[in-house]
Amino acid sequence: PGDEAQTAHSIEAALSETDRLHRMIEGLLALSRAEDAAAGTVVVDLSAIALERAEHWRPLADERGVAIVADAPTAMPALAVAGAAEQIVDNLIDNALEVSPAGSTINVAARAVGSTVELHVVDEGPGLPDAQRVAAFDRFWRGEHAGTGGSGLGLAIVRQLAQAGGGSAELRPAASGGIDATVTFTT
């Protein structure tokens, strides 16, 4: 009592920690569901999903001064666990926003490559050395440029969901110096 500023600060810190723990629990639940999801896949239009999810994230990116450009001009059927493609795109854009400086661009693209379809989310952030690009898929791994909001589960979920649908996920160096997060889906 009496120190309203300290009380407000303590409440804000407690709410922030509660939000962080909630995101971590949600991430662990998503990871658990992904591990159990390998049984069934559905055909999705990866192009439509990439365009829709990029549009969904655009307001937050605009607030941060980051542009999101989506390039997925034609329908691209791919196999994925139901709901997985949306979660994959969301996790990759969320990660890209965490490391993208104001004035930069995140490119989201879907491309047919032989008998597969690739999803690319390319940022202009600081990038990662080879060993860290591999380690980034480990549960609870967080890079030195990670903000305070992540749990270190996003890429582990991406990999598990991709594999559950018969695909794969990797982080490649981008020409911009950032990361080209690539998920390959079977068709």
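Basis of the calculations
- Residues numbered from 1 in each chain as written.
- Predicted model: local features only at pLDDT ≥ 70, side-chain atom pairs only at ≥ 80, totals over all residues.
- Heavy atoms only, no water.
- Axes fitted to C-alpha atoms, helices over the stretch in contact; angles between N-to-C directions.
- Helix = DSSP H or I, 4+ residues; strand = E, 2+ residues; numbered from the N terminus.
- Parallel < 35°, antiparallel > 145°, perpendicular 65-115°, else oblique.
- Left-handed = near helix turned anticlockwise from the far one by under 90°.
- Contact = heavy atoms within 4.5 Å.
- Nonpolar A, V, L, I, M, F, W, Y, C, P; charged D, E, K, R; others polar.
- Pairing = 2+ DSSP bridges.
- Salt bridge = Lys/Arg side-chain N within 4 Å of Asp/Glu carboxyl O.
- Buried < 20%, exposed > 50% of the residue type's maximum accessible area, 1.4 Å probe, protein only.
- Expected span 1.5 Å × (residues − 1).

**Here's the deal with the packing of helix 3 (residues 84-99) against helix 5 (residues 154-164)**
(1) Moving on: Two elements in contact, helix 3 and helix 5, have axes whose closest approach is 9 Å; the angle formed by their N-to-C orientations is 150°. Between helix 3 and helix 5, the interaxial angle falls into the category roughly antiparallel. For the crossing formed where helix 3 meets helix 5, the hand is left-handed. From helix 3, Ala 84, Gln 87, Ile 88, Asn 91, Leu 92 and Asn 95 reach across to helix 5, where they touch Gly 154, Leu 155, Ile 157, Val 158, Leu 161 and Ala 162.
(2) Moving on: For the contact of helix 3 with helix 5, the per-class residue count stands at 8 nonpolar, 4 polar and no charged.

**Focus: the pairing of strand 4 (residues 105-113)**
(1) Moving on: The pairing of strand 2 (residues 67-71) with strand 4 spans 5 bridges and is classified as parallel. Within strand 4, the position partnered with Val 69 by the bridge is Asn 107.
(2) Moving on: Here strand 4 pairs with strand 5 (residues 116-122) via 7 bridges, running antiparallel. Note on strand 5: the bridge partner recorded for Val 108 is Val 121.
(3) Moving on: The antiparallel hairpin formed by strand 4 and strand 5 contains 2 residues in its connecting segment, where Gly 114 sits at a positive phi of about 60°.

**Some thoughts on the pattern of salt bridges**
Two side chains of opposite charge can pair, provided their charged atoms sit close to one another.
(1) Moving on: The full count for this structure, using the stated rule, is 6 salt bridges.
(2) Moving on: Its salt-bridge partner being Arg 53, residue Asp 90 comes within 2.7 Å of it at the nearest N-O pair. Placement of the pair is Asp 90 in helix 3 and Arg 53 in helix 2 (residues 46-63), with a sequence separation of 37 residues. For the pair Asp 90 and Arg 53, a shared accessibility class is recorded, and that class is buried.
(3) Moving on: The closest approach of N and O atoms between Glu 55 and Arg 58, which form a salt bridge, is 2.2 Å. Taken together, the residues span about one helical turn, with Glu 55 and Arg 58 both in helix 2 at a distance of 3 residues.
(4) Moving on: Relative accessible area serves as the criterion here: at 22%, Arg 58 is assigned to the partly exposed category.
(5) Moving on: Counted as one network, the salt bridges with shared partners bring together Glu 52, Arg 53 and Asp 90.

**Focus on helix 3**
At 3.6 residues per turn, the α-helix brings residues three or four places apart onto the same side.
(1) Moving on: For helix 3, spanning 16 residues, the distance from its first C-alpha to its last is 23 Å, which sits close to the expected 22 Å at 1.5 Å a residue.
(2) Moving on: Among the residues of helix 3, those classed as buried are Ala 84, Ala 85, Ile 88, Val 89, Asp 90, Asn 91, Leu 92, Ile 93, Ala 96 and Leu 97.

**Structural notes on the environment of Val 134**
(1) Moving on: Mapped onto the elements, Val 134 comes out in helix 4 (residues 130-135).
(2) Moving on: Take Val 134: its relative accessible area is 61%, and that puts it in the exposed class.
(3) Moving on: On a C-alpha basis, the gap between Val 134 and Arg 172 in space is 9.5 Å, while along the polypeptide they are 38 residues apart.

Function-wise, these values are silent; they only describe arrangement.
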